[in-house]
Amino acid sequence: MRIGELARCTGVSERSLRYYEQEGLLSARRTPGGHREYTEAAVDRVRRIQELYAAGLCSSKIAKLLPCMRDSDGRPTLTADECLVSELTVERARIDRMIRDLQRSRALLDTVIEAASGR
């Protein structure tokens, strides 16, 4: 499939797809005319990349993790090792801290909203 079709299937911009390729997160075959051609598996790969970005991982971290994850379901591949587990544990702890910080911010906003509402 061409880049425009992959963009439509995944909801990701063509520019982002080019960036993913530049960062080594996604690969495409080139036609004789120089157009990118992606396999059907690219849809799952892009969705996996988006999930990892949404979790707050940077592209260099994603590039290290992708070879250790199956695109179709995110489960570990045979190349997953203790290092991967260690890195993911660190990332999970970072996300947990962010969640706690957001919960504190929400509680503060709730207090201000309640006070401003005259309750």
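Thresholds, definitions, all that
- Residues numbered from 1 in each chain as written.
- Predicted model: local features only at pLDDT ≥ 70, side-chain atom pairs only at ≥ 80, totals over all residues.
- Heavy atoms only, no water.
- Helix = DSSP H or I, 4+ residues; strand = E, 2+ residues; numbered from the N terminus.
- Buried < 20%, exposed > 50% of the residue type's maximum accessible area, 1.4 Å probe, protein only.
- Contact = heavy atoms within 4.5 Å.
- Areas by Shrake-Rupley, 256 points an atom, 1.4 Å probe, with all protein chains shown as cover.
- Lys, Arg positive; Asp, Glu negative; His and termini not counted.
- Charge placed at Lys NZ, Arg CZ, Asp CG, Glu CD.
- Core = buried A, V, L, I, M, F, W, Y, C linked by side-chain atoms within 4.5 Å.
- UniProt positions renumbered as here; feature names shortened; annotations may be inferred.
- Polar contact = N/O pair within 3.5 Å; in protein donor to acceptor, adjacent residues only side chain to side chain.
- Salt bridge = Lys/Arg side-chain N within 4 Å of Asp/Glu carboxyl O.
- Axes fitted to C-alpha atoms, helices over the stretch in contact; angles between N-to-C directions.
- Parallel < 35°, antiparallel > 145°, perpendicular 65-115°, else oblique.
- Left-handed = near helix turned anticlockwise from the far one by under 90°.
- Nonpolar A, V, L, I, M, F, W, Y, C, P; charged D, E, K, R; others polar.

1. A few points about the overall build of the protein
Logical step 1: Of the regular secondary structure elements, the protein holds five helices and two strands.
Logical step 2: The principal-axis extents of the C-alpha atoms in the protein amount to approximately 70 × 35 × 20 Å.
Logical step 3: Each of the 119 residues in the protein was classed as buried or not, and the buried ones make up 27%.
Logical step 4: For the protein, restricting intrachain contacts to residue pairs at least 6 apart in sequence, the fraction spanning at least 24 positions comes to 45%.
Logical step 5: Of the roughly 8,100 Å² that the protein leaves accessible, carbon and sulfur atoms contribute 54%.
Logical step 6: Charge separation in the protein, taken as the distance between the mean sites of 21 positive and 18 negative side-chain charges, equals 2 Å.

2. Observations concerning the nonpolar core
Logical step 1: Core analysis: the largest hydrophobic core is formed by 22 residues, its most contacted members being Leu6, Leu17, Tyr20, Leu26, Tyr38 and Val46.
Logical step 2: Elements supplying a minimum of two residues to this core: helix H1 (3-10), helix H2 (14-22), helix H3 (41-54) and helix H4 (59-65).
Logical step 3: With five residues, the single largest contributor to this core is H3.
Logical step 4: For Tyr20, the contacting residues outside a window of four places in its chain are Val12, Leu25, Leu26, Val46, Ile49, Gln50 and Tyr53.

3. A short note on the UniProt feature "domain: HTH merR-type" (unreviewed entry) in the protein
Logical step 1: With numbering aligned to this structure, UniProt lists the feature "domain: HTH merR-type" (unreviewed entry) at residues 1-68.
Logical step 2: Taken end to end, residues 1-68 is 56% helix and 6% strand, and its two terminal C-alpha atoms sit 25 Å from one another.

4. With respect to the side chain of Arg36
Logical step 1: By the element assignment, Arg36 lies in strand S2 (residues 36-37).
Logical step 2: According to the relative accessible area criterion, Arg36 is buried, its value standing at 19%.
Logical step 3: A polar side-chain atom of Arg36 sits 2.6 Å from a polar atom in the side chain of Glu21.
Logical step 4: In contact with Arg36, not counting residues within four places along its chain, are Met1, Arg2, Ile3, Arg18, Glu21, Ala28, Arg29 and Arg30.

5. Comments concerning the environment of Ala116
Logical step 1: Position of Ala116 relative to the elements: it lies in helix H5 (residues 82-116).
Logical step 2: When the C-alpha positions of Ala116 and Ser105 are compared, they lie 16 Å apart, and in sequence the two are 11 residues distant.

6. Quick notes on the pattern of salt bridges
Logical step 1: Within the structure shown, the criterion is met by nine salt bridges.
Logical step 2: Of the charged contacts, one joins Lys61 and Glu87 as a salt bridge, the two residues approaching to 3.5 Å between their closest N and O atoms. Here the residue Lys61 occupies a position in helix H4, and Glu87 occupies one in helix H5, the gap between them amounting to 26 residues.
Logical step 3: Across the pair Lys64 and Glu87 runs a salt bridge, and its minimum N-O distance is 3.1 Å. In this pair, Lys64 sits in helix H4 while Glu87 sits in helix H5, placing the two residues 23 residues apart along the sequence.

7. Re the packing of H1 against H3
Logical step 1: It is at 10 Å that the axes of H1 and H3 come closest, and there the two elements cross at 55°. Viewed along their axes, H1 and H3 adopt a mutual orientation that is oblique. Every pair of crossing elements has a handedness; the one defined by H1 and H3 is right-handed. Here Leu6, Cys9 and Thr10 of H1 come into contact with H3, specifically with Ala42, Val43, Val46 and Arg47.
Logical step 2: Of the residues contributing to the contact of H1 with H3, the split by class is five nonpolar, one polar and one charged.

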